[in-house]
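Here are the chains, one letter per residue:
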Amino acid sequence: MKRRILLSMSCILLIMSVEAVSALDNRGIRVYYVEQALNLDTAADVWNEAEPFTIELVALESLDHMGATHSTDTLPKEFIRSIPEKTDFVLNLSKDAPSVIVKAVHNGSKVAFQFTWADSSEDKENSLNTYRDALAVLFPLDISAGYNPSPLMGAKGEPVNVWQWRAEWQAELDGRRDLEARQPLTEGVWISPVDRILKNEHPGMSSGLINTSERIEYIAEGYSTLTKQIQQDVDAKGRYRDGKYTVVFLRDIERTDLSDADFKAGKQTYINVAVWNGHEGNVDGMKSLTFSWTPIVFDPAPALAKR
Amino acid sequence: MHKFKNHNWQIGREMKYPYEGHRPKKQFAAVFDTNKCIACQTCTLACKTTWTSGRGQEYMFWNNVETKPYGGYPLAWDMRVLEMIGGGSWKGKTYTGKTIFEKAIEERKDVEGFLPDLEDWAAPNIGEDEVTGEKMPQGMHIKGFPHPMWFFYLPRICNHCTYPACVANCPRQAVYKRPEDGIVLIDQDRCNGYKHCIAGCPYKKPMFNSTTTRSEKCVGCYPKVEQGIQTQCVEQCIGKIRMQGWVSTPEKAREDNPMDYLVHVRKVALPLYPQFGTEPNVYYIPPIHVPIQYLKQMFGPGVEEAVKIYRDKITSDPVMQGLLVLFGSSPEIMTKFKVKKGTAFGYNIKGKLVAEAPIREPNVIREAYDKKLDVYRMDVT
């Protein structure tokens with residue numbers, strides 16, 4: 001039941017490989033060294049210190065349209081029939097996909113990434129018939145010879161570290177969730193105190209969103225293996241303003257568990273980005289993404305260099 | 001995708017399914033006698049107050065009772081799936097149409113299904129208590145079976161299927177079937193709220209909690225079942241129409257197991273829409289007054305025989321009579337029963353007697369006048 005993405009059109013492969021090569025040559029994301037404390041402020045002055053880098057995403061189309069508002073009607077029937085049975089998603093180049101502007105800074109001990117992309121609507125509720133906006137980034141755990149995980153969720157034995165920010169988590173943390181929007185007609189419906197009492201008595205047992213809202217960090221070894229990490233080492237914060245999302249991730253440069261991406265000042269690693277547009281019914285593998293790693297290069301840290 | 005061929009005894013043939021079938025050590029099952037259900041909704045409320053009283057669960061009824069043919073929670077759940085698989089037909093006891101898994105293969109899907117709209121869940125039981133059938137002129141008298149105009153109540157919970165479509169359609173393996181008792185659960189920690197399980201399940205028993213942003217479903221009251229006690233909806237049923245237990249595959253059926261006796265030996269209890277292909281494990285004694293064509297569509301080809309047995313042969317079958325009076329006679333799961341001299345005995349898994357019920361209640365007539373209290377009684381029987 002592995003989810004597979006078909007790259008049937010050779011022209012797409014060609015475009016991608018050219019893009020990948022040019023990215024490796026001279027266009028990577030530079031993680032600028034700054035001498036100041038870093039935090040989750042999405043509009044902090046520190047972001048003026050870093051040059052933006054744009055990653056162009058492409059849209060995936062789900063062949064299995066149930067469960068989302070999108071459908072396969074946009075794809076010609078002959079095309080769908082010609083696809084191998086095991087394909088769940090195909091590229092749809094005629095569909096709009098966002099460009100994600102990436103900025104990155106580090107101060108020798110912490111690293112922060114800022115992602116900005118345009119979205120015409122803020123969709124912050126994952127409810128019965130609505131879907132929410134989200135952004136995910138992934139990194140290889142290590143950069144070493146023979147270790148070459150797929151930029152599409154990694155592969156068996158070659159795990160990737162995934163960080164995901166979701167609009168509904170942010171809304172929950174900010175106290176901005178809208179009951180009427182997610183459950184129309186239930187505003188004012190009496191809820192038994194049993195629910196509240198049990199949740200207070202057994203905080204660990206609750207499936208309430210707030211307990212898991214800090215869960216940002218995952219590990220994956222291929223499609224359908226995405227698993228939350230017990231030790232969460234990444235903080236995130238997102239804001240929607242003037243038709244744009246800005247999301248900041250913050251982590252210590254030095255990793256404290258081996259399920260996390262290995263970052264080192266002065267070294268290079270890779271990143272991939274995916275964006276879900278809730279308004280378009282994006283959910284699960286139905287999203288916009290890239291098919292190649294983008295290099296990220298950390299500036300050397302002077303303090304560390306002196307030692 | 002659908003790599004594995006598994007045997008589905010309810011449709012009498014092999015069937016493609018995404019996973020290799022591993023039958024659990026024992027399989028959760030229940031029998032509901034639709035002839036006795038009065039739609040009092042005590043089961044619905046027993047379940048509701050036990051499991052779904054929280055925010056985000058307002059619209060949920062893991063157990064619901066709907067009126068057929070017009071009712072459905074969510075709206076037209078069964079008709080929509082039947083339409084999608086193209087009706088389907090039977091040759092004898094073998095289903096020759098397509099299951100939801102087989103139909104899905106044609107369409108490059110894991111499971112054929114649909115995600116109901118918010119409104120489809122919003123009005124359970126509203127406007128559905130209507131008869132269907134022929135015209136009923138004034139003074140008309142209904143003679144015999146089936147009735148020319150009819151409706152009936154269909155109580156529903158999760159079927160804890162042998163080949164669950166919710167499991168098949170979850171890309172994250174967040175839904176699983178327990179090997180110890182066959183109960184199907186959603187791992188709340190792994191669930192990412194994609195709603196594929198809801199779209200996949202033909203019975204629409206997984207439901208989405210918009211507050212926790214995860215899917216939830218009937219848990220088969222597993223904390224009770226683990227203690228050997230029947231589920232809330234079964235134990236609280238005031239009409240005593242339900243019994244819960246463990247069902248075997250046909251070749252391993254035991255005559256003294258209540259579930260096996262009803263499902264395999266007398267074949268009076270039938271699966272709900274077996275043609276979907278999930279091998280559901282809640283079995284129904286079909287309503288005897290409903291036209292057979294409709295029942296065949298709902299319960300499969302065994303329905304004619306089942307109706308005949310229940311309607312005509314029960315009177316001369318003390319074992320069946322005894323078993324039916326054991327329904328609702330004990331909160332404990334009865335894994336064994338026997339009927340002797342007009343009394344039925346039910347035993348729990350340890351072999352302890354937990355229910356003893358007479359097939360015919362002794363009829364006592366009291367004097368209308370009570371000398372001791374000097375009163376007249378109206379309730380003499």
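Residues numbered from 1 in each chain as written. Chains lettered and ligands numbered in written order. Predicted model: local features only at pLDDT ≥ 70, side-chain atom pairs only at ≥ 80, totals over all residues.

Undergrad: Would you take a moment to explain the overall build of chain B for this structure?
TA: Within chain B, the secondary structure is distributed over 12 helices and 21 strands. The C-alpha atoms of chain B give a radius of gyration of 22 Å, which matches the 21 Å a tight globule of 381 residues would have. Viewed in the frame of its principal axes, chain B has a C-alpha envelope of about 80 × 55 × 45 Å. Counting the 381 residues in chain B, one finds 48% classified as buried. Contacts in chain B between residues far apart in sequence, at least 24 positions, make up 59% of those at least 6 positions apart. (Helix = DSSP H or I, 4+ residues; strand = E, 2+ residues; numbered from the N terminus. Rg over C-alpha atoms; globule rule 2.2 N^0.38 Å. Buried ≥ 20, exposed ≤ 12 C-beta atoms within 10 Å, placed from the backbone. Contact = placed C-beta atoms within 7 Å.)

Undergrad: Can you walk me through the overall build of chain A in this structure?
TA: The number of helices and strands found in chain A is 7 helices and 16 strands. The 307 residues of chain A split such that 37% are buried. Restricting the contact set of chain A to residue pairs at least 6 apart, pairs at least 24 apart contribute 71%.

Undergrad: Can you walk me through the sheet that holds strand 14 (residues 242-247) of chain B in this structure?
TA: Within a beta sheet, neighbouring strands are joined by backbone hydrogen bonds and run either parallel or antiparallel to one another. Residue and element names in this part refer to chain B. Across the sheet, which stays open at both edges, the 4 strands sit in the order 14-3-16-15 with mixed pairing between neighbours. One side of each edge strand has no neighbouring strand; the edge strands of this open sheet are strand 14 and strand 15 (270-271). Where strand 3 (residues 27-33) meets strand 14, 6 bridges bridge the pair, whose relative direction is antiparallel. Note on strand 14: the bridge partner recorded for A29 is G245. (Pairing = 2+ DSSP bridges.)

Undergrad: Honestly, the domain arrangement of chain B in this entry has me stumped. Any pointers?
TA: How big an interface is tends to be stated in terms of the accessible area lost upon association of its parts. All names here are of chain B. Per the domain assignment, the segments of chain B are domain 1 (4-133 + 146-247 + 267-285) and domain 2 (317-381). Look at where the C-alpha atoms of domain 1 and domain 2 centre, and you get two points 32 Å apart. Contacts between the two partners involve 13 residues from domain 1, matched on the other side by 10 residues from domain 2. Among the elements that line the side of domain 1 that touches domain 2, the one with the most residues is strand 14, at 5 residues. For the side of domain 1 that touches domain 2, the residue count by class is 5 nonpolar, 4 polar and 4 charged. (Domains from an automatic or database assignment. Nonpolar A, V, L, I, M, F, W, Y, C, P; charged D, E, K, R; others polar.)

Undergrad: So what exactly am I meant to see when it comes to the nonpolar core here?
TA: Proteins that are soluble and globular tend to have nonpolar side chains buried together. Ranked by size, the top nonpolar core spans 97 residues in total, and within it V31(B), L262(B), A269(B), Y283(B) and L326(B) carry the most contacts. For this core, the two domains that each supply at least three residues are domain 1 (4-133 + 146-247 + 267-285) and domain 2 (317-381) of chain B. Setting aside anything within four residues of it in sequence, one finds Y283(B) in contact with A29(B), V31(B), L262(B), V263(B), A269(B), L270(B) and P271(B). Formed by 64 residues, the second largest nonpolar core is a distinct cluster that contains V102(A), V105(A), V137(A) and I296(A). (Core = buried A, V, L, I, M, F, W, Y, C linked by C-beta atoms within 7 Å.)

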